[in-house]
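Chain by chain, the residues run as shown.
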Amino acid sequence: MDSESRPQPRKTERLCAVREPPAQTGMFVLVEMVDTVRIPPWQFERKLNDSIAEELNKKLANKVVYNVGLCICLFDITKLEDAYVFPGDGASHTKVHFRYVVFHPFLDEILIGKIKGCSPEGVHVSLGFFDDILIPPESLQQPAKFDEAEQVWVWEYETEEGAHDLYMDTGEEIRFRVVDESFVDTSPTGPSSADATTSSEELPKKEAPYTLVGSISEPGLGLLSWWTSN
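Treat the numbers as computed from the prediction; the structure is a model and nothing was measured.

This part covers the sheet that holds strand E12 (residues 162-167). Reading across the sheet, the 3 strands line up as E10-E11-E12 and stay open at both edges, with antiparallel pairing between neighbours. Of all strands in the sheet, those bounded by a partner on one side alone are strand E10 (144-147) and E12. Across the sheet, the mean angle from the axis of one strand to that of its neighbour is 35 degrees, orientation sign disregarded. In this structure, E10 lies alongside strand E11 (residues 152-159), joined through 4 bridges in antiparallel fashion. Pairing of Phe146 across the sheet is with Trp153, part of E11.

Put simply, side chains in a regular strand alternate between the two faces of the sheet. Relative to strand E13 (residues 173-183), strand E7 (residues 110-119) is paired through 5 bridges, and the arrangement is antiparallel. Its bridge partner lying in E13, Lys114 is registered against Glu173. Relative to strand E15 (residues 222-223), E13 runs antiparallel, the two sharing 2 bridges. Paired with Ile174 across the two strands is Leu223, which belongs to E15.

Below, the discussion takes up the nonpolar core. One recurring pattern in soluble globular proteins is that nonpolar side chains are buried together. Within the largest apolar cluster, 28 residues are counted, with the highest numbers of intra-cluster contacts made by Val123, Ile135, Met168, Phe176 and Ile216. Elements supplying a minimum of two residues to this core: E7, strand E8 (122-126), strand E9 (133-135), E11, E13 and strand E14 (210-215).

Applying the stated criterion across every chain, the model contains 9 salt bridges. For Glu55, the salt bridge goes to Lys58, with nearest N and O atoms at 3.8 Å. Of this pair, Glu55 and Lys58 are both found in helix H1 (residues 48-60), 3 residues apart, which corresponds to roughly one turn of the helix. With a relative accessible area of 19%, Glu55 lands in the buried category. Note that Asp76 is salt-bridged to Arg99, the shortest N-O span being 2.6 Å. With Asp76 in strand E5 (residues 69-85) and Arg99 in strand E6 (residues 92-103), the pair connects residues that are 23 residues apart, well separated along the chain. On the basis of relative accessible area, Arg99 is assigned to the buried category, the value being 13%.

Across the 12 residues that make up E6, a large majority, 10, are buried. Relative to E6, strand E3 (residues 28-39) runs antiparallel, the two being bridged by 12 bridges. What sits directly across from Glu32, in E6, is Arg99. In this antiparallel pair of consecutive strands, E5 and E6, the connection spans 6 residues, and Gly88 shows a positive phi of 85 degrees.

Geometrically, the link from Gln142 to Pro143 is a cis peptide bond, its omega value of 0 degrees lying close to zero. You can see Pro143 is positioned in the loop between E9 and E10. Not every positive phi belongs to a glycine, and Asn67 is a case in point at roughly 65 degrees. The residue Asn67 is located in the loop between strand E4 (64-65) and E5 in this model. A residue is classified by how much of its surface remains accessible, and Asn67, at 41% relative accessible area, is partly exposed. Even without being glycine, Asp108 reaches a positive phi, approximately 80 degrees. Mapped onto the fold, Asp108 is located in the loop between E6 and E7. Looking at Asp108, the relative accessible area reads 46%, which means it is partly exposed.

Under the counting rule described, the total for this entry stands at 12 aromatic pairs. Centroid distance Tyr66 to Phe183: 6.3 Å. Interplanar angle 80 degrees. Geometry classified as edge-to-face. In this pair, Tyr66 sits in the loop between E4 and E5 while Phe183 sits in strand E13, placing the two residues 117 residues apart along the sequence.

Definitions and limits used
Residues numbered from 1 in each chain as written. Predicted model: local features only at pLDDT ≥ 70, side-chain atom pairs only at ≥ 80, totals over all residues. Heavy atoms only, no water. Pairing = 2+ DSSP bridges. Helix = DSSP H or I, 4+ residues; strand = E, 2+ residues; numbered from the N terminus. Axes fitted to C-alpha atoms, helices over the stretch in contact; angles between N-to-C directions. Core = buried A, V, L, I, M, F, W, Y, C linked by side-chain atoms within 4.5 Å. Buried < 20%, exposed > 50% of the residue type's maximum accessible area, 1.4 Å probe, protein only. Salt bridge = Lys/Arg side-chain N within 4 Å of Asp/Glu carboxyl O. Phe/Tyr/Trp six-rings, centres within 6.5 Å; stacked < 30°, edge-to-face > 60°.

Shown next, in the form of structure tokens:
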């Protein structure tokens, strides 16, 4: 891949703060990051770049970085600073500048996924590697209704012959537009005074660190089987 065809990276500091907005080129972007990588002594016989790449992927792959996106894999290492060994720790510590492939689609981007399931909250969509996508009821093709018995959303498509029910079944491929995104800081925090008074049986609701909101409320969007091309 030559330098002109590569997506423009965006810079982050300590894996979280974005310095400059990147030039978005698709649902995958390159993000410039800086981190200090610890290499244990038993890995000193390996090439330093190989050990650092393995440690970075262990730390970041399939993890969400707040306000950045879902990390996929290491793209390259751009700079290695001096390594240090601290007293009492035989490992080396190296400040590393690198670029990481991150899943972060831009708003209004069109994606194709599969329906993971339906609920009164909307249609849940998966891309295979990312599942936290919701198409809410108001963003479906209208008029739409939720079939409680089948647990599926239905588009009541109007024709000259009357209404036809088009079901949004699990496993069907669906084309949707990204209209919103949400990041939640899931870093561990200490217990608050309110938490101390709650019952130990009450578990806090687990929130997804990164979610996308989609829409299919326009022609051409929705199940691929709905639309035919001449």
